[in-house]
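# Inside the fold
Listed here are the chains, written in short residue letters.
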Amino acid sequence: MSSKTKRKPKIAVFKFASCDGCQLSLLDAEDELLAIVGEVELAYFPEATRAALRGPYDIGLVEGSITTHHDAQRIQQVRRQCKTLVTLGACATAGGIQALRNWKDVDEFVRVVYASPQFISTLKLSTPISEHVPVDFELRGCPISKAHLLELLSATLIGRKPNIPAHSVCLECKRRGQVCVLVARGEPCLGPVTQAGCGALCPGFDRGCFGCFGPVAGANTAALTAQLLALGQKDYQLARLFRGFNAWSWPFRKASEECEKR
Ligand code: SF4
Ligand code: SF4
């Protein structure tokens, strides 16, 4: 088949409960977007195009967490339509900031916030996509890194494993020659338990990491908690620190609940 007649892989982008920031990371790839669009067919992407081609799709990119009964059904449909399913960002991989409600009474929020609560239908929990359907790859971050997204797309299109760093923010921090704010100033920093991807942005501005890329594989939250307690942090402060954008990811969730229980 000549390159002119070769079928282009169909990509679809789906949104669930989220702020759209991760989809914007794709649109923000201004220098690379034309090259990507030349290689694929953007079959479904309501944020960017009016075209809506029917599935099946070769790659489905999913942003957002599952928070309603309707979404819980829709993600099943999305999974059936996509050969490869990739989640984008903290909401889709860890329930997002909206998972903070998972420790609270949702009905009370609905009563207090909405003038006509009888029209609101929501689940008690905000959950990641992987709690509902099998996921082929999870891209971390709030929002995701544009470089990770481009690497993921290029690798998937040519059929190799994406080369996304699996080390912690501390390694990036050391690589840029940053003085450690935890050791030098006693500032709380989740860098040791957070996956790299941002180039250690926050320590570069003399502040601790609050974990927006989610837990690194093998995150030793117990050791970090002990260290932060020894530096004078209180349990309630650490429970809050672990409950950021990735609160429902198991390592951060467990660490925050242990701090809360003590
Ligand atoms: S500042 Fe934070 S991320 Fe950087 S080395 Fe220290 S603990 Fe790790
Ligand atoms: S919070 Fe942590 S992971 Fe997020 S940008 Fe700052 S240093 Fe990077």
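First, a word on scope: everything that follows refers to the structure included in this document. (Residues numbered from 1 in each chain as written. Chains lettered and ligands numbered in written order. Predicted model: local features only at pLDDT ≥ 70, side-chain atom pairs only at ≥ 80, totals over all residues. Heavy atoms only, no water.)

### Notes on the packing of aromatic side chains
Counted by the stated rule, this structure contains 5 aromatic pairs. A centroid spacing of 5.0 Å and a plane angle of 75 degrees characterise the contact between W103 and W248, whose relative ring orientation is edge-to-face. Of this pair, W103 sits in the loop between α4 (89–94) and α5 (106–113) while W248 sits in the loop between α11 (235–242) and α12 (250–261), and the two are 145 residues apart along the sequence. Plain terms: the ring middles of F210 and F245 are 5.8 Å apart, the flat faces sit at 50 degrees to each other, and that makes the pair tilted. Of this pair, F210 sits in the loop between α9 (201–204) and α10 (221–230) while F245 sits in the loop between α11 and α12; the two residues are 35 residues apart in sequence, bridging distant segments of the chain. Assessed through its relative accessible area of 29%, F210 is described here as partly exposed. Taking relative accessible area as the criterion, F245 reaches 23% and is therefore assigned partly exposed. Among the aromatic residues, those joined into a cluster by ring pairs are F14, Y44 and Y57. Over the face of the ring belonging to W103 we find R243, whose NZ or CZ atom lies 3.9 Å from the ring centre. One residue, R253, lies across the ring of W248, its end atom 3.7 Å from the ring centre. (Phe/Tyr/Trp six-rings, centres within 6.5 Å; stacked < 30°, edge-to-face > 60°. Helix = DSSP H or I, 4+ residues; strand = E, 2+ residues; numbered from the N terminus. Buried < 20%, exposed > 50% of the residue type's maximum accessible area, 1.4 Å probe, protein only. Lys NZ or Arg CZ within 6 Å of the ring centre and 35° of its normal.)

### Some details on the sheet that holds strand β1 (residues 10–15)
Here 5 strands make up an open sheet; going across it, the order is β2-β1-β3-β4-β5 and the pairing parallel. Of all strands in the sheet, those bounded by a partner on one side alone are β2 (41–44) and β5 (137–139). Neighbour-to-neighbour, the strand axes of this sheet turn through a mean angle of 25 degrees, independent of strand direction. Direction of pairing for strand β4 (residues 82–88) relative to β5: parallel, over a ladder of 3 bridges. Counted as the bridge partner of V86 is F137 from β5. Packing of helix α6 (residues 146–158) onto the sheet brings it into contact with β1, β3 (57–63), β4 and β5, and relative to β3 it is tilted by some 160 degrees. (Pairing = 2+ DSSP bridges. Axes fitted to C-alpha atoms, helices over the stretch in contact; angles between N-to-C directions. Contact = heavy atoms within 4.5 Å.)

### Comments concerning the site of ligand 2
With respect to spatial proximity, the complete set of residues near ligand 2 consists of C198, L201, C202, P203, C209, F210, G211, C212 and F213. Looking at the shell around ligand 2 residue by residue, the class counts come to 8 nonpolar, 1 polar and no charged. (Near = heavy atom within 4 Å. Nonpolar A, V, L, I, M, F, W, Y, C, P; charged D, E, K, R; others polar.)

### Overview of α10
Along α10, the positions that sit buried rather than exposed are T221, L224, T225 and L228. Around the axis of α10, the buried residues are gathered within 100 degrees of arc, so they sit on the same side. Seen from the buried face of α10, the exposed residues on the opposite side, beyond 90 degrees, are A222 and A230. Lining the buried residues of α10 we find α8 (181–185), α11 and α12. Once α10 finishes, G232 follows within two positions and takes phi at roughly 105 degrees, a positive value. (Arc of directions from axis to C-beta.)

### Here we look at the environment of L149
Of note, L149 is situated in helix α6. Sequence separation between L149 and C22 is 127 residues; the distance between their C-alpha atoms is 9.5 Å. Sequence-distant contacts of L149, that is, excluding residues within four places in its chain, are made with S25, L26, L88, L139 and I144.

### Thoughts on the nonpolar core
Residues L190, V193, L224, L228 and F242 are the most contacted members of the largest nonpolar core, which totals 20 residues. When residues of this core are traced back to their parent elements, those giving at least two are α7 (169–175), α8, α10, α11 and α12. Looking at this core element by element, the count peaks at 4 residues for α11. Residues within four places of L190 in sequence aside, it is in contact with C209, F210, G211, L224, L241 and F242. Of all hydrophobic cores here, the second largest spans 19 residues; its members include A29, I59, V86 and L150. (Core = buried A, V, L, I, M, F, W, Y, C linked by side-chain atoms within 4.5 Å.)

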